Amino acid sequence: MGEDRGKYDFYIGLGLAVSSSIFIGGSFILKKKGLLRLARKGSMRAGQGGHAYLKEWLWWAGLLSMGAGEAANFAAYAFAPATLVTPLGALSVLVSAVLSSYFLTERLNLHGKLGCLLSILGSTTMVIHAPQEEEISSLDHMSEKLVDPAFLSFAIVVIIVALIFIFVVGPRHGQSNILVYITICSVIGSLSVSCVKGLGIAIKEAIAGKDVVGNPLAWILLLGLLACVSTQINYLNKALDIFNTSLVTPIYYVFFTTSVLSCSAILFKEWGHMGAGDVIGTLSGFLTIIVGIFLLHAFKDVSVSLSSLAVSMRKDERPAANGVASHYELLHESTGDMEDREMGLPFDSVSRRNGAMTSSLDH
């Protein structure tokens, strides 16, 4: 019964994670459409500190879609390990990239399509080799994990990095460097996942009839989640307003996934229960995702398709053929010059470039 229950939870978490990616990928498009409408109206943009998007219904539709995705994601973390749920966020990259090519006229070239494919393959590999979390069955056990020195050190570093980027790096480079706002969202996101996992355990305990309302940890996790999510939404809006959606989504995925995997490994000690094959599979899957994201990011502005590749190959063949022909013509001309000289024109210089013949005897 325990094994059947574990498989049942696995498939529930998998389904929730997939649906979460669909909702979140669509939310990027809706929010971007709303921000573009505001820019056409001349309103102060979110990247400049404006909050006019709060009056745009498309932005709210995107927020609701993201809320539905986050709710499904929240539930998925309650049923499945973080290292199973988080890599499936690559599907949101695919959804966002495909939808942006249709609704935002952001062209997805051949490199982008290959990048999406590699992201899916890499996330699938990570799911197959996903490590199993150390079992946490109660809030008391969760509280012991949260006060572990390794996790406390990690949380302090994350908060310090986020504050430096918010108050020092952001005002100087946030408008020109896409990594600034995305880094803030990602490192804070690792803490939000920890809060989500803890609240998932609290909900399970509440359903089982235990007193959760009187437990201070449940309220701390809830307040921490609200603070983290509000920070993520704010800086993600700025990144979306300034930079291309097809860039923000994949880069955010890589940074966020790296942060969550690091946090889960420290908090739940899950990597200690993995075999060598699973470790290699997990790392290989993640590196495959990074390569896919790189293809999406680095070659976004290069207009490449299967048809253009065929045309380019044909163009490359023509200069080669012309080069052979030119070489043959030059060889033929030089042979003709030698024949002319042998026929008795030793004192004549022949210019074949302009067709003129000048005799040296005239001088």
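What you are looking at is a predicted structure, and each value in this text was computed from that prediction instead of being measured.

1. With respect to the overall build of the chain
Of the regular secondary structure elements, the chain holds twelve helices and two strands. Put simply, the chain runs from its N terminus to its C terminus through helices and strands in the order α-α-α-α-α-α-α-α-α-α-α-α-β-β. Within the chain, the proportion of its 363 residues that are buried is 44%. Sequence-distant contacts in the chain: of pairs separated by 6 or more residues, those separated by 24 or more amount to 81%. For the chain, the computed accessible surface area is about 19,600 Å², with 66% contributed by carbon and sulfur atoms.

2. Here we look at the packing of helix α2 (residues 57–79) against helix α8 (residues 178–207)
At a minimum axis distance of 8 Å, the contact between α2 and α8 shows a crossing angle of 70 degrees. As judged from the angle between their axes, α2 and α8 are roughly perpendicular. At the point where α2 passes α8, the crossing takes the right-handed sense. Contacts between α2 and α8 involve F74, Y77 and A78 on the former and, on the latter, V193, V196, K197, L199, G200, I203 and K204. A breakdown of the residues in the contact of α2 with α8 according to their chemical character gives seven nonpolar, one polar and two charged.

3. Here's the deal with the UniProt feature "transmembrane region" (unreviewed entry) in the chain
Those places that UniProt annotates as "transmembrane region" (unreviewed entry) correspond, in this numbering, to residues 12–30, 57–79, 85–105, 150–171, 178–204, 216–235, 247–268 and 280–299. Across residues 247–268 one finds 100% helix and 0% strand; the C-alpha atoms that close the span lie 31 Å apart.

4. Here we look at the packing of aromatic side chains
Within a pair of aromatic rings, the relevant descriptors are the distance that separates the centres and the angle that separates the planes. If you walk through the whole model with that rule in mind, you get two aromatic pairs. With centroids separated by 5.7 Å and ring planes inclined at 40 degrees, the aromatic side chains of Y181 and Y235 adopt a geometry described as tilted. A residue pair is termed long-range when its members are at least 10 positions apart, and Y181 in helix α8 and Y235 in helix α9 (residues 216–242) qualify at 54 residues. With a relative accessible area of 5%, Y181 lands in the buried category. Residue Y235 is classed as buried on the basis of its relative accessible area of 11%.

5. Thoughts on a nonpolar patch on the surface
On the surface, a nonpolar cluster with roughly 640 Å² of combined accessible area is contributed by I156, I159, I160, L163, I164, F167 and V168. Inspection of the secondary structure puts I160 in helix α7 (residues 149–173). On the accessibility criterion, I160 (44% relative accessible area) is partly exposed.

6. Describing helix α5 (residues 110–128)
With 19 residues, α5 extends 27 Å from end C-alpha to end C-alpha; this agrees with the ideal 27 Å at 1.5 Å per step. Every buried residue belonging to α5 is among L110, G112, G115, C116, S119, G122, S123, M126 and V127, and all of these are buried.

7. Observations concerning the packing of helix α4 (residues 90–103) against α5
Where α4 meets α5, the closest approach of the two axes is 9 Å, and the angle between their N-to-C directions is 160 degrees. Relative to α5, α4 is oriented roughly antiparallel. Judged by the sense of rotation from one axis to the other, the crossing of α4 with α5 is left-handed. Every residue of α5 that contacts α4 at A90, L91, L94 and A97 is listed here: C116, S119, I120 and S123.

8. With respect to α8
Relative to the 44 Å expected for 30 residues at 1.5 Å per residue, α8 spans 43 Å between its end C-alpha atoms, a close match to the ideal helical length. Bending of α8 peaks at approximately 30 degrees at the position of G189. In terms of burial, α8 is largely enclosed, as 25 of its 30 residues are buried. The backbone nitrogen of L179 has a side-chain oxygen 3.0 Å away, supplied by the residue at the start of α8, namely N177.

9. What to know about the side chain of T257
Its place among the elements puts T257 in helix α10 (residues 245–268). You can call T257 buried: its relative accessible area is 0%. When residues no more than four places from it in sequence are discounted, the contact partners of T257 are T86 and F286.

10. Some points on the environment of I188
Relative to the helices and strands, I188 resides in helix α8. Sequence-wise, I188 and I159 are 29 residues apart; in three dimensions their C-alpha atoms are separated by 7.5 Å. Beyond its immediate chain neighbours, meaning those up to four positions away, I188 contacts V158, A162, C228, T231 and Q232.

11. Digging into the confidence of the model for the chain
For the chain, per-residue confidence averages 76 on the pLDDT scale, and 75% of positions sit at 70 or higher. Mean pLDDT across the elements of the chain ranges from a minimum in strand β2 (residues 357–359), with 38, to a maximum in α7, with 92. Every residue in residues 338–363 is under pLDDT 50, and counting partners more than four places away or in other chains gives 16 contacts.

12. Here's the deal with the environment of L38
Its place among the elements puts L38 in helix α1 (residues 2–41). For L38, a relative accessible area of 9% gives the class buried. It is 9.4 Å that separates the C-alpha atoms of L38 and K55, two residues lying 17 residues apart in sequence.

Parameters at a glance
- Residues numbered from 1 in each chain as written.
- Predicted model: local features only at pLDDT ≥ 70, side-chain atom pairs only at ≥ 80, totals over all residues.
- Heavy atoms only, no water.
- Helix = DSSP H or I, 4+ residues; strand = E, 2+ residues; numbered from the N terminus.
- Buried < 20%, exposed > 50% of the residue type's maximum accessible area, 1.4 Å probe, protein only.
- Contact = heavy atoms within 4.5 Å.
- Areas by Shrake-Rupley, 256 points an atom, 1.4 Å probe, with all protein chains shown as cover.
- Axes fitted to C-alpha atoms, helices over the stretch in contact; angles between N-to-C directions.
- Parallel < 35°, antiparallel > 145°, perpendicular 65-115°, else oblique.
- Left-handed = near helix turned anticlockwise from the far one by under 90°.
- Nonpolar A, V, L, I, M, F, W, Y, C, P; charged D, E, K, R; others polar.
- UniProt positions renumbered as here; feature names shortened; annotations may be inferred.
- Phe/Tyr/Trp six-rings, centres within 6.5 Å; stacked < 30°, edge-to-face > 60°.
- Patch = residues over 30% accessible without salt bridge, like charges linked within 9 Å, V, L, I, M, F, W, Y side chains within 5 Å.
- Salt bridge = Lys/Arg side-chain N within 4 Å of Asp/Glu carboxyl O.
- Expected span 1.5 Å × (residues − 1).
- Bend = angle between axes of the 7 residues up to and from the residue.
- Polar contact = N/O pair within 3.5 Å; in protein donor to acceptor, adjacent residues only side chain to side chain.
- pLDDT = per-residue confidence, 0-100.

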